[in-house]
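Listed here are the chains, written in short residue letters.
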Amino acid sequence: GAVVSQHPSWVICKSGTSVKIECRSLDFQATTMFWYRQFPKQSLMLMATSNEGSKATYEQGVEKDKFLINHASLTLSTLTVTSAHPEDSSFYICSGIPGTDTQYFGPGTRLTVL
Amino acid sequence: GESVGLHLPTLSVQEGDNSIINCAYSNSASDYFIWYKQESGKGPQFIIDIRSNMDKRQGQRVTVLLNKTVKHLSLQIAATQPGDSAVYFCAENTGYSTLTFGKGTMLLVSP
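K.L.:
Residue-level account of the packing of aromatic side chains, with values.
P.N.:
All names here are of chain B. In the structure shown here, the tally under the stated rule is 10 aromatic pairs over all chains. A ring pair is formed by Tyr36 and Phe46, whose centres lie 6.5 Å apart and whose planes are at 80°; its orientation type is edge-to-face. Residue Tyr36 is located in strand β3 (residues 32–38), and its partner Phe46 is located in strand β4 (residues 45–51); the two are separated by 10 residues in the primary sequence. On the basis of relative accessibility, which here comes to 0%, the residue Tyr36 falls in the buried class. Centroid distance Phe89 to Phe101: 6.2 Å. Interplanar angle 80°. Geometry classified as edge-to-face. With Phe89 in strand β8 (residues 86–95) and Phe101 in strand β9 (residues 98–101), this residue pair connects regions lying 12 residues apart in the sequence. Residue Phe89 is classed as buried on the basis of its relative accessible area, which comes to 1%.

K.L.:
Could you give an account of the interface of chain B and chain A, with specific residues and numbers?
P.N.:
Taken together, the contact pairs 25 residues of chain B with 22 residues of chain A. Carbon and sulfur atoms make up 55% of the surface buried where chain B meets chain A, a total of about 1,800 Å² over both sides. Remark: the boundary between chain B and chain A carries 0 salt bridges. At the surface where chain B touches chain A, the tally comes to 6 residue pairs in polar contact (both at pLDDT 80 or more). Breaking the side of chain B that touches chain A down by element, the ones donating at least two residues are β3, β4, β8 and β9 of chain B. Looking at the side of chain B that touches chain A, the element that brings in the most residues is β3 of chain B, giving 4 residues. For the side of chain B that touches chain A, the residue count by class is 11 nonpolar, 9 polar and 5 charged.

Quick notes on the rules
Residues numbered from 1 in each chain as written. Chains lettered and ligands numbered in written order. Predicted model: local features only at pLDDT ≥ 70, side-chain atom pairs only at ≥ 80, totals over all residues. Heavy atoms only, no water. Phe/Tyr/Trp six-rings, centres within 6.5 Å; stacked < 30°, edge-to-face > 60°. Helix = DSSP H or I, 4+ residues; strand = E, 2+ residues; numbered from the N terminus. Buried < 20%, exposed > 50% of the residue type's maximum accessible area, 1.4 Å probe, protein only. Contact = heavy atoms within 4.5 Å. Buried area = accessible area lost by both parts, 1.4 Å probe. Salt bridge = Lys/Arg side-chain N within 4 Å of Asp/Glu carboxyl O. Polar contact = N/O pair within 3.5 Å; in protein donor to acceptor, adjacent residues only side chain to side chain. Nonpolar A, V, L, I, M, F, W, Y, C, P; charged D, E, K, R; others polar.

The analysis is restricted to geometry; functional conclusions fall outside its scope.
Shown next, in the form of C-alpha cells:
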C-alpha cells in the first residue's frame, strides 16, 4: 500500500500559539489530500479537502481561518492550527489517494493544547 | 468538542474464532466501500474494499459482504488472532473520493 507520513507525531503547545502539522506522501504523488480530526472513542470527522495548487475545501462548521491548509506540492500538505485553544486538542490525521478512490492514512498527530 | 463517556460497540472473541463486524451505511448512491483497522494511537490501515457492483470480496483471512438492498456491510475475519484487536471502521465513498466513516467497532481478541 501507499505510505503517508505525518510530522510531528505529537505536540504540546500553550493556548494562543499556532501549530503546524505536515503530511507527506512518500511513494506517490497526491493531488488531493484530506485532513481529519478524531476525538477519543469517536470516528474520524473530515475537516477539509486539500488540493495541490488551489484552495482547500472545508467541511461545514470548520473554520478556515483557524485551520489553515497549504498544499504547495504533490507530496506535501500542511495544516496550521492558529491561536490554538484546549478544545482544539485532538488527534489529527491526513490521507492521500495514490490511484483512484482508496485513501491511505498517515499515522496521526496528537495535539494537546494547555 | 470532545464528548465524555462514549463507548464504542465492542465485539469480544476468542483466538481462533471467526469474527463478524457489521456496518450500516447511509447513502444509497455510495458506490465504493472500504474497511479500515485502527490500532490505538495510530492512523487507519486499509484492510479491504468493495465496489457496489459486487456483493462479496475476499482477501487474506478477510471477507467483505455488501447488501445494497438494506445498505449493510460486513467484515468477516477468519481465525481471529490477538493482533487483530483494534477498532474497525467502515467507510463509504460519498462522491469525489470523499469518505464518510461509520462509528466504529472495537474488536477484542483474547488468547
